[in-house]
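Remarks on the overall topology
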Amino acid sequence: MDNEKTYKVMAGVGAGNLALGIVVLVTGIVAGVLMIVGGARLLRGKSDLMF
């Protein structure tokens, strides 16, 4: 009986870890894309800068 409870807890923790991993992965991809877009905009506007 105690083993069933342990397995249920482990399954819940595993599902939570999987969900958190997916969220972190998606957040990283979105942040990377935004950084690339921002860098491209800076490079495109570089010729307009005068010092």
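Please refer to the structure placed before this passage.
Remember, predicted model here, so these are calculated numbers, not experimental data.

**Points about the overall build of the protein chain**
Regarding its fold elements, the protein chain presents one helix and zero strands. The C-alpha atoms of the protein chain give a radius of gyration of 22 Å, which is well past the 10 Å a tight globule of 51 residues would have. If you line up the protein chain on its principal axes, its C-alpha atoms span 75 × 15 × 5 Å. Relative to its full complement of 51 residues, the protein chain shows a buried share of 0%.

**Things to note about the environment of Tyr7**
If you trace the backbone, Tyr7 turns up in helix H1 (residues 2-44). Taking the C-alpha atoms as reference points, Tyr7 and Lys46, 39 residues apart in sequence, are found 58 Å from one another.

**A closer look at the environment of Gly28**
By secondary structure assignment, the location of Gly28 is in helix H1. Residue Gly28 is classed as partly exposed on the basis of its relative accessible area of 42%.

The rules behind the values
Residues numbered from 1 in each chain as written. Predicted model: local features only at pLDDT ≥ 70, side-chain atom pairs only at ≥ 80, totals over all residues. Heavy atoms only, no water. Helix = DSSP H or I, 4+ residues; strand = E, 2+ residues; numbered from the N terminus. Rg over C-alpha atoms; globule rule 2.2 N^0.38 Å. Buried < 20%, exposed > 50% of the residue type's maximum accessible area, 1.4 Å probe, protein only.

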